[in-house]
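Single-letter residue listing:
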Amino acid sequence: MHKRKTQVEDIDRTVYDIRDRVNASYQVGQGLTAKIVNEISAAKNDPEWMRLFRLKSLQIYNRLRLPGWGPPLDELNMDEIVTYIRPNTQLKAKWNEVPDDIKNTFERLGIPEAERKSLAGVGAQYDSEVVYHNVREEVRRQGVIYTDMESAVRDPEYGPMVKKHFMKLVPPEDHKFVALHGAVWSGGSFVYVPPGVNVEIPLQSYFRLNAPGAGQFEHTLIIVGEGANLHFIEGCSAPKYNVANLHAGCVELYVGKNARLRYSTIENWSKNMFNLNTKRAVVEEGGTIEWVSGSFGSHISNLYPMSILKGEGSRMEFTGITFAGRGQSLDTGAKVVHAAPHTYSSINTKSISKDGGWCTYRSSVSVLPQAYGCKSSVSCESLMLDDRSRSDTIPVMDIRNDDVDVGHEAKIGRISDDAIFYLMSRGISEEDAKAMIVTGFAEPIAKELPVEYAVEMNNLIKLEMEGSIG
């Protein structure tokens, strides 16, 4: 049997690349100045403490250098980025009141259908503003607060809770793009789950960036009370343009004593996007944070969700999959700090690179001197689908006491024509053989993704195959 040279097609992005005409009611100019930051603050009707926080963040941004890790960011020019674009609508609580052009975009992405079938609440952000937000009445009766961040900041009842937690876990001094976020953040979600409350079905926020040359800077703040339980899902997408777009969101997660939070993210940005997101969780005694992460888009990504295991017996589990094709350099991974005794962490990632794509796995495991009796397991596997692609593994472990059990395993390999040939010799078609190998590699991770909720996942984890690897 003749072995044909084979290839794997990119993920089908047709539905995500449909562009809407930009119909903004207001937007700031390009670049980043104190005048622009004050304009954004006025447009958001910020309380005075937030306006001052933004200006302080701008000062920090101006004095910090670009991060010294990850892919080079020379192509990103902040003087050409528009940091705030308000769509021509107000926040709506009824789907039929959302303007047709925006509504049709989210309809194509399957968000309303997912809400009707499987979700306890949904927030939908379009460019710089949340345009739709709704939560089921039975969840509201449990005392759960799920709203957009601007409403939360201004709310007289729980605004003080927001102020107490906002960018305390991820301070602007962390790195340049966190400081940028602090200056121009807009949109995002605030969630508070009272102690002992079990939210049985997930909440979801979806972020759509439509305008070319724009940035999106949503802020997500979730507080899960003692003994409570929540699954929160985020989805992201944008159409492809020939100019740079920027995503520099921020996620802060507070997991209370004996509480559990599963945080699932599907990032499907277009290949002109710089995805420089920062995510962090702190976990109290006996609590659990579970991260499920799918990175399938962007030109460049720097994304390393971090967990601080603050309380004794707290746990962290991170499950991630990354797919990099032509023109993509995705630098992803996870970080964990064991700051208390008998804490546990598990990091399990897989990456696939093809057609010159570059996947870099970067992890950090820190065990502090007082964190005796800890266990940590790190596993990263990479599959390169051709000889033009690249995969790197950069694990870092900083262990400061001897009473620990820490392990790391890494595997990097290529899919071979021999494997395809073997399956074909057993009567399996070439396309099915390739699909079996690649989806078999991804399956342990992919099965954790919230496919039944984030409808767009069907197009992301189903790799369209025509021909094999050579």
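On a predicted model such as this, the values are computed, not experimentally measured, just so you know.

Asks: For this particular structure, what's the right way to read the packing of aromatic side chains?
Replies: Remark: the centre distance and the inter-plane angle together describe each pair of aromatic rings, the angle taken between the planes. Enumeration according to the criterion identifies seven aromatic pairs in this entry. Relative to Phe-190, the ring of Tyr-158 has its centre 5.8 Å away and its plane inclined at 20°; by these criteria the two rings are stacked. Here Phe-190 lies in strand S6 (residues 188–193) and Tyr-158 lies in the loop between helix H6 (149–154) and helix H7 (159–165), a separation of 32 residues in the sequence. A single burial state applies to Tyr-158 and to Phe-190, both of which are buried. Arranged with centres 5.8 Å apart and planes meeting at 20°, the rings of Phe-232 and Tyr-263 form a pair that is stacked. Residue Phe-232 is located in strand S10 (residues 229–237), and its partner Tyr-263 is located in strand S13 (residues 260–268); the two are separated by 31 residues in the primary sequence. Residue Phe-232 is classed as buried on the basis of its relative accessible area, which comes to 0%. A residue is classified by how much of its surface remains accessible, and Tyr-263, at 0% relative accessible area, is buried. A connected cluster of aromatic rings, assembled from ring pairs, spans Trp-49, Phe-53, Phe-166 and Trp-185.

Asks: Explanation requested: the packing of helix H2 (residues 48–63) against helix H8 (residues 176–184) in the structure shown.
Replies: Packed helices, taken two at a time, are described by their axes: the angle between them and the distance between them. Here H2 crosses H8 at 155°, and the two axes come no closer than 7 Å. Taken together, the axes of H2 and H8 are roughly antiparallel relative to one another. Considering the relative orientation of H2 and H8, their crossing is left-handed. Between H2 and H8, the contacting residues are Phe-53, Arg-54, Ser-57, Leu-58, Ile-60, Tyr-61 and Asn-62 on the first element and Lys-176, Ala-179, Leu-180, Gly-182, Ala-183 and Val-184 on the second. Counted by class, the contact of H2 with H8 contains eight nonpolar, three polar and two charged residues.

Asks: Where do I start with empty space enclosed by the protein in this structure?
Replies: To find leftover empty space, one rolls a probe the size of a water molecule over the atoms. For the structure shown, the criterion picks out three cavities of 30 Å³ or more. Its volume calculated, the largest cavity comes out at about 150 Å³. As for the largest cavity, its lining consists of 19 residues, of which Thr-322, Thr-332, Gly-333, Thr-349 and Tyr-361 are closest to the centre. Every element with two or more residues in the lining of the largest cavity is listed here: strand S16 (288–295), strand S19 (315–324), strand S20 (329–338), strand S21 (344–353), strand S22 (358–367) and strand S23 (374–384). Broken down by element, the residue count for the lining of the largest cavity peaks at four residues, all from S19. Its residues assigned to classes, the lining of the largest cavity shows seven nonpolar, ten polar and two charged.

Asks: Explain the nonpolar core to me, please; I cannot follow it from the model alone.
Replies: Within soluble globular proteins, side chains that are nonpolar tend to cluster in buried spots. Core analysis: the biggest nonpolar cluster contains 37 residues, and Val-193, Ile-222, Leu-230, Leu-253, Ile-289 and Met-316 have the highest contact counts within it. Sequence-distant contacts of Leu-253, that is, excluding residues within four places in its chain, are made with Leu-169, Ile-222, Leu-261, Tyr-263, Arg-280, Ala-281, Val-282, Ile-289 and Trp-291. One finds Ile-60, Ala-183, Phe-274 and Ile-300 within the second-largest nonpolar core, a separate group that totals 35 residues.

Asks: Honestly, the sheet that holds S10 in this entry has me stumped. Any pointers?
Replies: Neighbouring strands of a sheet are bound in pairs by backbone hydrogen bonds; such pairs are parallel or else antiparallel. Here we have ten strands laid out as an open sheet, ordered S4-S3-S7-S10-S13-S16-S19-S21-S23-S25, and mixed in their pairing. The outermost strands of the open sheet, each flanked by one partner alone, are strand S4 (129–135) and strand S25 (404–414). Sheet twist, expressed as the average angle between the axes of neighbouring strands with direction ignored, equals 5°.

Asks: Is there a simple way to think about the layout of surface pockets in this case?
Replies: Roughly 260 Å³ of internal volume is contained in the second largest pocket. Forming the boundary of the second largest pocket are 13 residues, of which Lys-44, Gln-90, Leu-91, Glu-129 and Arg-154 lie nearest the centre. Counting residues per element, the ones that place at least two in the lining of the second largest pocket are S4 and H6. Ranked by residue count, the leading element in the lining of the second largest pocket is H6, at three residues.

Asks: Sorry if this is basic, but what is going on with the environment of Arg-260 here?
Replies: With respect to the element layout, Arg-260 can be found in strand S13. Each C-alpha atom, one on Arg-260 and one on Ala-228, is 6.4 Å from the other, the two residues being 32 residues apart in sequence. Excluding its chain neighbours within four sequence positions, the residues that come into contact with Arg-260 are Val-224, Ala-228, Asn-229, Leu-230, Val-255, Thr-288 and Glu-290.

Asks: Any chance you could explain the pattern of salt bridges here in plain terms?
Replies: Charged atoms that come close allow side chains of opposite charge to pair. Across all of its chains, the model carries 18 salt bridges by this definition. One salt bridge connects Arg-140 with Glu-137, and the closest N-O pair in it is separated by 2.8 Å. With Arg-140 and Glu-137 both in helix H5 (residues 137–141), this residue pair falls three residues apart, about one helical turn. For Arg-140, a relative accessible area of 39% translates into the label partly exposed. Here Glu-290 makes a salt bridge to Arg-260, at a shortest N to O gap of 3.0 Å. A residue pair is termed long-range when its members are at least 10 positions apart, and Glu-290 in strand S16 and Arg-260 in strand S13 qualify at 30 residues. By sharing partners, the salt bridges in this structure join Arg-260, Arg-262 and Glu-290 into a single network.

Parameters and conventions
Every residue gets a number counted from 1 within its own chain, in the order that chain's sequence is written. Given that this is a predicted model, residues contribute local features only at a pLDDT of at least 70 and side-chain atom pairs are listed and counted only at 80 or more, while totals for whole chains, interfaces and linings are drawn from all residues. Computation of side-chain values covers all heavy atoms of the structure but excludes hydrogens and water. Ring pairs are drawn from Phe, Tyr and Trp, using the six-membered ring of Trp, whenever the two centres fall within 6.5 Å, and their geometry is named by plane angle: stacked under 30 degrees, edge-to-face over 60, tilted for the rest. The way it works is that DSSP assigns letters per residue, a run of H or I at least four long becomes a helix, a run of E at least two long becomes a strand, and they are numbered from the N terminus. Each residue is placed in one exposure class: buried if its accessible area under a 1.4 Å probe, protein chains only, is under 20% of its type's maximum, exposed if it is over 50%, and partly exposed if it falls in between. Helix axes use the C-alpha atoms of the stretch in contact, all axes being lines fitted to C-alpha atoms, and the angles between their N-to-C directions lie in the range 0 to 180 degrees. Should an angle fall under 35 degrees it is called roughly parallel, over 145 degrees roughly antiparallel, and 65 to 115 degrees roughly perpendicular, with every other angle called oblique. In this scheme the crossing of two helices becomes right-handed for a clockwise turn of the near helix relative to the far one and left-handed for an anticlockwise turn of less than a right angle. In what follows, a contact means two residues having at least one pair of non-hydrogen atoms within 4.5 Å. Residues are grouped as follows: Ala, Val, Leu, Ile, Met, Phe, Trp, Tyr, Cys and Pro are nonpolar; Asp, Glu, Lys and Arg are charged; every other residue, Gly included, is polar. Cavities and pockets are found on a 1 Å grid laid over the protein atoms alone: a cavity is a set of points where a 1.4 Å probe fits but cannot escape, a pocket is an open set with protein on both sides within 12 Å along at least five of seven lines, and a lining residue has an atom within 4 Å of such a point. Grid points are joined across faces, edges and corners, and a volume is the space filled by probe spheres set on the points. Side-chain atoms within 4.5 Å link the members of a nonpolar core, which is a set of buried Ala, Val, Leu, Ile, Met, Phe, Trp, Tyr and Cys residues. Between any two strands, pairing holds if DSSP finds at least two bridges. For this analysis, a salt bridge means a side-chain nitrogen from Lys or Arg found within 4 Å of a carboxyl oxygen belonging to Asp or Glu.

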